[in-house]
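Here is how the chains run, residue by residue.
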Amino acid sequence: MPINEHLHLNELEYLSMNGLDVMLAHDYYPEGHQGGVGIIQNGHRIATNGDLRLEPAPGQWSPIPKVGDRQVDRDANEISLRLSYPDESRDKKGFNPIDYPDLQFAYRLTIRPEGKAFRIIVDLDEPLPDEWYDKVGFNLELYPGIYFGKSFQLGDSCGIFPRQPSGTSRLPEVTPMATGRKLSVAPESHELRLNIEQVHGGDLQLIDGRCAHNNGWFVVRATLAPGVRTRALEWLVTGSPIANWRHEPVLQVSQVGYHPEQSKVAVIELDTNESEKLEPRLLKVNSTGDWIIVKVGPASDWGKFLRYNYLQFDFSEIKAPGIYAIQYGEKLSSVFRISPDVFTDGVWQPTVEYFLPVQMCHMRVNENYRVWHGLCHMDDATMAPVDHNHFDGYVQGNSTLCNVASGTELPNLAVGGWHDAGDYDLRVESQSDTVHGLALAYEEFQLDFDNTTINQTTLTAELLLPDGKPDILQQIEHGCLSIVAGYRTLGRLYRGIIEQHIRQYTHLGDAATVTDNVRGSGDDRWVFTEQNNSHELGAVRALASASRVLSGFNESLSSECLVIAKEVFGRTQSEYSGERVEAALELWITTGDAAYRAIVTSSYDLCQDIQADIWIFARAVPYVDDLAFMSSVLEQVTIHQSEIGKQVNATPYGVPYVPNIWGAGWGLQRFGVKQYWLWKSFPDSSPITPMLQALNFILGCHPGRNTASFVSGVGSKSMIPGYGVNRADESFIPGGIGSGTALIRPDFPELLEWPYLWQQTEYCMGYATSDYIFLVAAADKVLNGL
């Protein structure tokens, strides 16, 4: 492939040359530091979010423009985008309840190559009102994680990018780190150097966005030229692409390792300009540190995927237990194990012994000398106001949907539940999906693991201290206590329980300090309700399955779960949905009531997209015990698996992977669980390999230069830091599962080692957690014939 020495418009509609790419709004997600003008240099995304903003250091709920048409003019060799303020679709809606300012204007944002540099140009439809010229500015965000300790020079000032914000004032009066007309970022680093020159507009300002928001980035900003419509702002940006730069080979393997009997394929990621193909080697290390060559190539040439070329190195025939690594040229992968017990210990267990307890609400969580968080949210909860749109997306309509008036204190809700993710709210779907997934995992694989003491009387959890009770059953109990308490108190399910104020919601620290734990003092969390069939049916399947596994462990709770599951299902009338079939199936398995069986079997003929839900009917086959039903499902399973075969062959990873702005890890876990149920009912028609490949993907065999396992603390290299409640410490929670490698559209896979990108590293509850436990336990069972 020819080497491009100047920026040009490529076939994917962004500016590109060897070592430098400039995107414009292929995706627009500024809350997640992704969108607008973005710069990838020498393999690093160094800058993003180049666009007009109304604040020097915008935050998560700040106004963003409405994105209009995107134009690519190959004759003029430029890309432009039309935008406007306000975006009526976001104003006081969804996750944006804050009023937009009283300002209306539209503009066109253009990038145009100029040799090894490019120009950013802003043209207004009409001049701005005079009072807005010192407020509206063009922002470009620099990724802090790569510039810490590097220098900058701007005007007459110079300095070092600090590890922590210091000496800068908070909004609204932000004090810049420096001002001037020409900025040089990291001039000492050829790899990271970036120069920005102001051609039209106000002086450049270098701002530390973290002074106002912990998740902020460094911001280069300039206000618009007063009274000007055309070229209200123009920058000349010059990167520093390294001559003949190449994306270094990346060796992608499971960071945990492989069972002797499973398929073992390492994926090698190469620059598309790399013409030389080397022979990879499989090495085994002995106890004295000597590397023994076990296998030498060849690798198969898979082809191009996203922006890279890929090789596959199959070493499935190697079955001897030991510690191995892949070598390609001078590159050496992380070490990994081959062993029959590779999935038996230390893979799903950290999620149960660390992550789930740390997420427990209404508890004090201790680990020897450490307190993960104190007793929290004992002032739960107050009914939310009606006609209210909450900043985290909760919406309370004109009724509370129950006999509880807004503002009423509901003390019975201070029990059970898990904090949803990197925040402290309780979402009903997170509780239900976690309970359901844990119940199925416990039931299917007899996971009687015990390494935590959980006491619902003293409201304490002691990590790494067994109490003689299965941890998963105790966690199922904890989730059900919250769901049941909400139903008992409200006469219906809650939608969510969440902080009233943004200051509480953005709290990073001990959960015990989010509220004062005193009822009625004004900082209690709010309870929201909604009419949502999907969430209600999710609770049905959770409570019905939990009723089975809690029987004999907590009989009264088991009975109450089943009573509520029946009641909610009975009043949740809807047309066909996969959720309804799943809920009926769980009730059928639990009760043996033929009425639920009839709902499952009759729903089969009503399904409009049988391929989407065929795994549910496959799971139902052993319980329905009907030959005609089984034969019909088998026919559809065969069709389904044929299509899956095409999808897994469309990527070098052997999974149906469609990259997205959010990492695909959780979706692939769900895919893996579905494949297990298909395999269990129809092993001759459903190979188990796609399920195992999905697990390999989660554990490190995925695209991009960061080959970490998506599960913090699991594997030779894992996702650290993570977007958990301790992210401000740049720390992690063992066993927390992030969504993983995301896509910087159109073709750049990215997994940053940065604690503030929720679309890559956020820990979440629900199936995001329980599917992982299920998937690892399934691999252990299948491969060991348990």
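Note: the structure precedes this text.
These figures come from a predicted structure and were not determined experimentally.

Asks: Is there a simple way to think about helix 6 (residues 533-550) in this case?
Replies: Note on helix geometry: an α-helix contains 3.6 residues per turn, so any two residues three or four positions apart are oriented the same way. End to end, helix 6 covers 25 Å across 18 residues, agreeing with the expected 26 Å (1.5 Å per residue, within 8%). Burial within helix 6 is extensive, with 16 of its 18 residues counted as buried. Sitting at the amino-terminal end of helix 6 is Asn532, which places a side-chain oxygen 3.0 Å from the backbone nitrogen of Ser534. Count one or two residues on from helix 6 and you reach Gly552, which has phi positive near 90°.

Asks: For this particular structure, what's the right way to read the packing of helix 10 (residues 610-624) against helix 11 (residues 627-648)?
Replies: Helix packing geometry: the angle between the two helix axes and the distance between the axes. Put simply, helix 10 and helix 11 touch, their axes get as near as 9 Å, and they point 145° apart. For helix 10 against helix 11, the interelement crossing comes out left-handed. In contact with Ile610, Gln611, Ile614, Phe617, Ala618, Val621 and Val624 of helix 10, helix 11 contributes Phe629, Met630, Val633, Gln636, Val637, Ile639 and His640.

Asks: Which parts of the structure should I look at to understand the nonpolar core?
Replies: Ranked by size, the top nonpolar core spans 151 residues in total, and within it Ile476, Val633 and Tyr772 carry the most contacts. Take this core: its biggest share by element is eleven residues, from helix 15 (residues 767-784). Leu7, Leu24, Ile146 and Leu183 belong to the second-largest nonpolar core, a separate cluster that totals 65 residues.

Asks: Whenever I open this one, helix 13 (residues 689-698) confuses me. Can you help?
Replies: Counting buried residues along helix 13, nine of its ten residues qualify, which places the element largely inside the surrounding structure. Taken residue by residue, helix 13 has Pro690, Met691, Leu692, Gln693, Ala694, Leu695, Asn696, Phe697 and Ile698 as its buried positions. Where helix 13 is buried, its residues contact strand 20 (257-258), helix 11, helix 12 (665-681) and helix 15. Where helix 13 terminates, the next one or two residues include Gly700, which has phi positive at roughly 135°.

Asks: Sorry, what's going on with the sheet that holds strand 36 (residues 460-463) here?
Replies: Hydrogen bonds between backbone atoms are what pair the strands of a sheet, whose relative direction is either parallel or antiparallel. Taken together, the four strands give an open sheet; going across it, the order is 30-29-36-35, and neighbouring strands pair in mixed fashion. Unpaired on one side and paired on the other, strand 30 (370-373) and strand 35 (452-455) mark the two borders of the sheet. The sheet shows a mean angle of 20° between the axes of neighbouring strands, taken without regard to direction. Pairing between strand 35 and strand 36: four bridges, direction antiparallel. Along strand 36, the bridge assignment pairs Thr453 with Glu462.

Asks: Whenever I open this one, unusual backbone geometry confuses me. Can you help?
Replies: Only a minority of non-glycine residues have a phi that is not negative, and only a minority of peptide bonds are not trans. Residue Pro86 is bonded to the preceding Tyr85 through a cis peptide linkage, with omega at -5°. Locating Pro86 in the fold gives a position in the loop between strand 7 (78-85) and strand 8 (105-114). The linkage connecting Gly297 with the following residue, Pro298, adopts the cis geometry, with an omega of -5°. Its location among the elements puts Pro298 in the loop between strand 23 (291-296) and strand 24 (300-305). The backbone of Glu13 sits at a positive phi, close to 70°, despite the residue not being glycine. In this fold, Glu13 is placed in the loop between strand 1 (8-9) and strand 2 (15-17). For Glu13, a relative accessible area of 33% corresponds to the partly exposed category.

Scoring rules and cut-offs
- Counting starts from 1 at the beginning of each chain's written sequence and moves along it residue by residue.
- Restriction of local features to residues with pLDDT of at least 70 applies here, the model being predicted, together with a cutoff of 80 or more for giving and counting side-chain atom pairs; totals for whole chains, interfaces and linings are based on all residues.
- Note: side-chain values were computed over all heavy atoms of the structure, leaving out hydrogens and water.
- Each helix is a run of DSSP H or I of at least 4 residues and each strand a run of E of at least 2, with the numbering of both proceeding from the N terminus.
- To estimate how far a helix should extend, the number of its residues minus one is multiplied by 1.5 Å.
- Three labels apply to residues, based on accessible area from a 1.4 Å probe with only protein chains included: buried if under 20% of the type maximum, exposed if over 50%, partly exposed otherwise in between.
- Under this definition, polar contacts are N or O atom pairs within 3.5 Å; protein pairs additionally need one hydrogen-donor-capable and one acceptor-capable atom, and for neighbouring residues in sequence, both atoms have to be side-chain atoms.
- Note on definitions: angles span 0 to 180 degrees between N-to-C directions of axes, and those axes are lines fitted to C-alpha atoms, for helices only across the stretch in contact.
- Crossing handedness follows the turn of the near helix against the far one: under a right angle anticlockwise gives a left-handed crossing, and clockwise gives a right-handed one.
- Residue contacts are defined here by distance: any two heavy atoms, one from each residue, within 4.5 Å place the two residues in contact.
- Among the buried residues, those of types Ala, Val, Leu, Ile, Met, Phe, Trp, Tyr and Cys that are joined through side-chain atoms within 4.5 Å form a nonpolar core.
- Strands are treated as partners if at least two bridges between them are detected by DSSP.

Geometric values such as these leave the question of function open.
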